[in-house]
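This is what each chain is made of:
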Number of protein chains: 2
Amino acid sequence: MPVGEHWETSLRHLAFGAVQAASEDAGDQVGIQALYVANMLAGQLSHQEHLGALIADFTGMRGIEAVRSEAADASGGAAFRQGYLAVASGAVDTVMVLGVEKVTDVVGSRRVAALSTMMDADYEGAQGATPPSLAALLMQRYMHEHGIDLAAFAGFSVNAHANGALNPNAMYRNRLKPEGFTKAPLVAAPVSLFDAAPEGDGAAAVILTTSERAKDLVPKPIRIAASAAATDSLSVHDRADVLFLSAANLSAGRAYEQAGIAPQQIDLFELHDAFTVLTALSLEAAGFAVRGEGAKWANDAAISIKGTLPISTFGGLKARGHAGGATGVYQIVELAMQLRGQAGENQVDGARIGMAQNLGGLGGTAITHILEAPDA
Amino acid sequence: MPVGEHWETSLRHLAFGAVQAASEDAGDQVGIQALYVANMLAGQLSHQEHLGALIADFTGMRGIEAVRSEAADASGGAAFRQGYLAVASGAVDTVMVLGVEKVTDVVGSRRVAALSTMMDADYEGAQGATPPSLAALLMQRYMHEHGIDLAAFAGFSVNAHANGALNPNAMYRNRLKPEGFTKAPLVAAPVSLFDAAPEGDGAAAVILTTSERAKDLVPKPIRIAASAAATDSLSVHDRADVLFLSAANLSAGRAYEQAGIAPQQIDLFELHDAFTVLTALSLEAAGFAVRGEGAKWANDAAISIKGTLPISTFGGLKARGHAGGATGVYQIVELAMQLRGQAGENQVDGARIGMAQNLGGLGGTAITHILEAPDA
């Protein structure tokens with residue numbers, strides 16, 4: 001089911017669909033021992049906390065260990081990392097990581113207020129700052145510092161929509177024209193509708209196991225070559241340098257070290273394009289672009305599916321849709337499909353090593369994973 | 001600071017106090033690499049999600065990995081288990097687990113509604129069921145099935161308050177008389193004020209590291225002999241047997257197996273006495289009491305500090321106070337103090353092996369840890 005407005009589908013039913021899809025992929029013999037649920041806002045928007053036990057039961061896994069991980073919109077990456085650590089510890093050998101978010105039942109100021117709880121409630125939320133308004137400040141500053149105009153960012157959204165157009169699970173499958181970008185209705189100047197990723201309901205799930213078991217279960221198991229997490233000040237104003245995503249930089253650096261690779265060896269990068277300025281800053285923080293030159297990649301063919309560093313290959317947050325705490329799991333699932341060569345029209349040729357980076361609260365949390373194809 | 005109504009202290013300041021206390025205990029050289037935060041309701045009651053990054057920054061640990069774990073009022077146990085798995089994986093060697101909850105800023109029906117989100121929102125919460133009303137159904141059924149009256153449960157609260165009276169961090173330090181128990185104002189018949197644990201603001205923190213490092217850091221490091229988690233249906237009505245806490249039973253059974261011990265070897269048991277009926281059912285589920293005879297322990301000297309199976313040794317949820325997602329961390333801290341012989345007036349003589357069991361949503365989640373003293 002695409003990310004979108006699923007008023008007819010409850011939170012638990014969204015989760016069920018994703019659990020079922022992952023289970024079918026892994027086969028009958030998989031035997032899940034623990035469930036890690038990523039979710040950001042069910043307590044506020046669906047009056048439901050305690051999703052671990054709820055979803056384990058509803059999806060036919062009553063009794064197993066189940067817990068929710070939350071790190072705002074980096075919850076998906078956080079839950080995946082928890083699952084990874086659990087298997088690595090030897091305490092369990094097969095776990096499922098599920099991301100699920102249902103945001104569209106609530107509209108208007110209540111939804112905006114809920115989304116703002118991912119930022120600092122006392123120093124940002126209570127002052128009326130929302131994620132788009134804070135992203136707008138970053139974008140304005142970026143444009144000022146680096147002497148570029150709004151149109152310079154257009155290519156990121158154009159690329160995301162070009163890829164989303166090919167993805168049946170994308171929220172928006174329309175293509176964007178660069179000239180439309182600067183004319184789009186504003187969300188918080190200069191951030192516009194064509195700049196900010198849309199919030200949607202969604203769920204995605206993935207199964208992790210030991211390398212020994214993986215070989216028996218599926219023909220092309222994907223290896224986790226690196227997993228790393230870091231944080232930054234939640235308050236954007238309190239960061240040493242607002243145009244440097246230090247958590248993204250730290251976690252990417254640790255991930256390269258663990259995997260024993262350089263950024264240049266990454267074949268594709270699923271980054272956290274909640275706003276185009278985050279795309280530019282992520283390319284800089286992860287070592288692909290020089291400081292101040294991330295936005296130049298917007299109009300570079302390198303980021304397209306046929307390029308040297310494809311990003312947002314299934315549409316990214318911008319076109320596939322931003323399903324809150326589920327987004328980080330979508331990134332992992334999409335990366336795994338690419339590395340298995342199962343990405344269909346979205347396939348990146350010869351994808352062997354991919355990176356996913358999930359940000360929470362405009363970079364307050366950053367979780368980076370590097371995955372490798374079996375023949376990498 | 002005792003669990004209680006801390007209107008003058010914000011969520012982050014509560015957390016700061018606990019982080020500081022744990023850091024002082026471990027010394028300057030500890031070097032925390034990751035922070036696991038347990039919290040249940042900050043999104044709903046303090047408009048603040050994303051506590052990992054927020055608290056890491058506010059407590060002077062900006063940059064480190066930080067994530068929140070949530071499993072209703074079993075969040076504390078869940079976060080402790082995440083920390084344990086992280087260290088066991090080898091990915092990090094020293095982590096902090098922090099539980100923090102701030103519930104008293106919101107009163108009346110809004111707080112009750114928030115607490116009810118730990119149960120099944122669609123099948124319980126939306127029908128008006130709250131945790132106390134569901135506990136009342138369990139208690140009524142227990143009394144009916146086993147032919148006992150309300151007074152039979154009094155001893156659990158009397159014991160908890162007797163222990164809480166000695167604990168400077170307890171929310172209530174008054175002693176209870178057995179004859180007062182049945183006359184207390186009702187919360188949800190037959191559950192009364194003297195039966196249900198009070199909700200309070202609180203925070204507690206503990207540091208986990210490898211056994212090698214632990215020996216260098218503190219004179220009496222405590223060993224984690226077992227860690228296990230399980231779930232049950234969140235909806236109480238949907239459980240195969242409402243008077244059997246199957247998740248508590250499963251996780252305790254796994255914990256005994258991991259530790260290689262029998263229940264009889266446990267020197268003290270920090271159980272989840274949110275309601276006295278849960279105390280009775282926990283004693284049964286964990287293998288200390290025969291089915292239907294858990295309540296008999298209420299008036300047995302065995303559960304007192306001087307007894308053979310002391311429970312709620314610092315007052316338990318009932319008298320120390322139930323600080324939501326922080327409660328499971330309080331249990332671990334209290335157990336560690338007992339095993340180090342640092343429990344002061346609450347000390348259980350000769351405590352060598354202790355068990356903590358944290359329940360979420362009336363047993364929807366159960367997380368069990370067995371800790372051992374260095375000389376055990």
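Up top you'll find the structure we're talking about.
Model, not experiment: these values are computed from the prediction.

**So, the sheet that holds strand β1 (residues 34-38) of chain B**
So, step 1. The 8 strands are arranged β6(A)-β3(A)-β1(A)-β2(A)-β2(B)-β1(B)-β3(B)-β6(B) in an open sheet whose pairing can be described as mixed. Where the open sheet ends on each side, the last strands, each with one partner, are β6 (202-209) of chain A together with β6 (202-209) of chain B. Between one strand axis and the next, the sheet turns through 25° on average, direction left out of account.
So, step 2. Sheet topology places strand β2 (residues 65-70) of chain A next to strand β2 (residues 65-70) of chain B; 3 bridges connect them, and they run antiparallel. Pairing of E70(A) across the sheet is with R68(B), part of β2(B).
So, step 3. Here helix α13 (residues 327-340) of chain B sits on the sheet in contact with β3 (94-101) and β6 of chain B, set at roughly 60° to β6(B).

**Brief notes about the interface of chain A and chain B**
So, step 1. With 57 residues of chain A in contact, the opposing surface of chain B contributes 57 residues.
So, step 2. Taking the shortest distance from any N to any O, the salt bridge between E65(B) and R81(A) comes out at 2.6 Å.
So, step 3. The interface formed by chain A and chain B holds 32 residue pairs in polar contact (both at pLDDT 80 or more) in total.
So, step 4. At the level of elements, α2 (42-45), α3 (51-58), β2, α4 (75-89), β7 (223-231) and α10 (246-259) of chain A are the ones that each hand at least two residues to the side of chain A that touches chain B.
So, step 5. A per-element tally of the side of chain A that touches chain B places α4(A) first, with 7 residues.
So, step 6. Its residues assigned to classes, the side of chain A that touches chain B shows 26 nonpolar, 17 polar and 14 charged.

**Side note on the packing of aromatic side chains**
The description of two aromatic rings rests on the distance between their centres and on the angle between their planes.
Residue and element names in this part refer to chain A.
So, step 1. If you walk through the whole model with that rule in mind, you get 6 aromatic pairs over all chains.
So, step 2. Consider the rings of Y142 and F153, whose centres lie 5.8 Å apart with planes at 65°: the pair is edge-to-face. With Y142 in helix α6 (residues 131-146) and F153 in the loop between α6 and α7 (154-164), the pair connects residues that are 11 residues apart, well separated along the chain. With respect to burial, Y142 and F153 carry one shared label: buried.
So, step 3. Their ring planes at 40° and their centres at 5.3 Å tell us that F269 and F288 sit as a pair that is tilted. Taken together, the positions of F269 in strand β8 (residues 268-270) and F288 in the loop between α11 (276-285) and α12 (316-319) put the pair 19 residues apart, joining distant regions of the chain.
So, step 4. Positioned above the aromatic ring of F58, the side-chain terminus of R12 is 5.7 Å from the ring centre.

**Examining the relation of the copies chain A and chain B**
So, step 1. Mapping chain A onto chain B is achieved by rotating through 180° and translating by 0.0 Å along the same axis, at an RMSD of 0.0 Å. Overall, the copies show the geometry of a two-fold rotation axis. Measuring from the rotation axis to each C-alpha of chain A, the shortest distance belongs to S89(A), at 1.8 Å.

**Regarding the pairing of strand β3 (residues 94-101) of chain A**
Residues and elements named next belong to chain A.
So, step 1. By the criterion of burial, β3 is predominantly enclosed, with 8 of the 8 residues buried.
So, step 2. Sheet topology places strand β1 (residues 34-38) next to β3; 5 bridges connect them, and they run parallel. Bridging across to β3, L35 finds its partner in M96.
So, step 3. With 8 bridges joining them, β3 and β6 adopt antiparallel strand pairing. By the bridge assignment, V100 is partnered in β6 with A203.

**Some points on the environment of F16(A)**
All names here are of chain A.
So, step 1. Among the structural elements, F16 can be located in helix α1 (residues 11-26).
So, step 2. Classification of F16 by relative accessible area gives partly exposed; the value is 31%.
So, step 3. In sequence terms F16 and P219 are 203 residues apart; their C-alpha atoms lie 25 Å from each other.
So, step 4. Not counting chain neighbours up to four residues away, the residues in contact with F16 comprise F58 and T59.

**Here's the deal with the packing of α6(A) against α11(A)**
Residue and element names in this part refer to chain A.
So, step 1. The N-to-C vectors of α6 and α11 enclose an angle of 60°; their axes lie 9 Å apart at closest approach. Note that α6 runs across α11; the crossing there is left-handed. Here A135, L138, M139 and Y142 of α6 come into contact with α11, specifically with T276, V277, A280, L281 and E284.
So, step 2. Of the residues belonging to the contact of α6 with α11, the class tally is 7 nonpolar, 1 polar and 1 charged.

**What about the sheet that holds β8(A)?**
All names here are of chain A.
So, step 1. If you trace the 4 strands from one edge of the open sheet to the other, you get β7-β10-β9-β8, paired in mixed fashion. The open sheet has two edge strands with one neighbour each: β7 and β8. The average undirected angle you get between the axes of adjacent strands in this sheet is 15°.
So, step 2. Inspection of the sheet shows β7 paired to strand β10 (residues 365-372) by 8 bridges, in the antiparallel sense. Across the sheet, A228 pairs through a bridge with T368, a residue of β10.
So, step 3. Across the sheet, α10 is in contact with β7, β9 (353-360) and β10; its angle to β7 comes to roughly 150°.

**A closer look at unusual backbone geometry**
So, step 1. Each neighbour pair has its own omega, and for A189(A) with P190(A) the value is 5°, a cis peptide bond.
So, step 2. Residue position: P190(A) is located in the loop between β4 (186-188) and β5 (191-192).
So, step 3. Positive phi, close to 60°, is recorded for H50(B), a residue that is not glycine.
So, step 4. Relative to the helices and strands, H50(B) resides in the loop between α2 (42-45) and α3 (51-58).
So, step 5. With relative accessibility at 0%, the residue H50(B) sits in the buried group.
So, step 6. At A72(B), a position not held by glycine, the phi torsion is positive, near 55°.
So, step 7. By secondary structure assignment, the location of A72(B) is in the loop between β2 and α4 (75-89).
So, step 8. The class of A72(B) is buried, set by a relative accessible area of 0%.

**A few points about the environment of F314(A)**
Residues and elements named next belong to chain A.
So, step 1. Examined against the element boundaries, F314 turns out to sit in the loop between α11 and α12.
So, step 2. Judged by relative accessible area, which is 5%, F314 ranks as buried.
So, step 3. For the pair F314 and H161, spaced 153 residues apart in sequence, the C-alpha separation works out to 8.8 Å.
So, step 4. Every residue in contact with F314, bar those within four places of it in the chain, is listed here: N163, G164, N167, A170, E270, R320, E334, M337, Q338, A343 and N346.

Parameters and conventions
- Residues numbered from 1 in each chain as written.
- Chains lettered and ligands numbered in written order.
- Predicted model: local features only at pLDDT ≥ 70, side-chain atom pairs only at ≥ 80, totals over all residues.
- Heavy atoms only, no water.
- Pairing = 2+ DSSP bridges.
- Helix = DSSP H or I, 4+ residues; strand = E, 2+ residues; numbered from the N terminus.
- Axes fitted to C-alpha atoms, helices over the stretch in contact; angles between N-to-C directions.
- Contact = heavy atoms within 4.5 Å.
- Salt bridge = Lys/Arg side-chain N within 4 Å of Asp/Glu carboxyl O.
- Polar contact = N/O pair within 3.5 Å; in protein donor to acceptor, adjacent residues only side chain to side chain.
- Nonpolar A, V, L, I, M, F, W, Y, C, P; charged D, E, K, R; others polar.
- Phe/Tyr/Trp six-rings, centres within 6.5 Å; stacked < 30°, edge-to-face > 60°.
- Buried < 20%, exposed > 50% of the residue type's maximum accessible area, 1.4 Å probe, protein only.
- Lys NZ or Arg CZ within 6 Å of the ring centre and 35° of its normal.
- Least-squares fit on C-alpha atoms with pLDDT ≥ 70 in both.
- Left-handed = near helix turned anticlockwise from the far one by under 90°.

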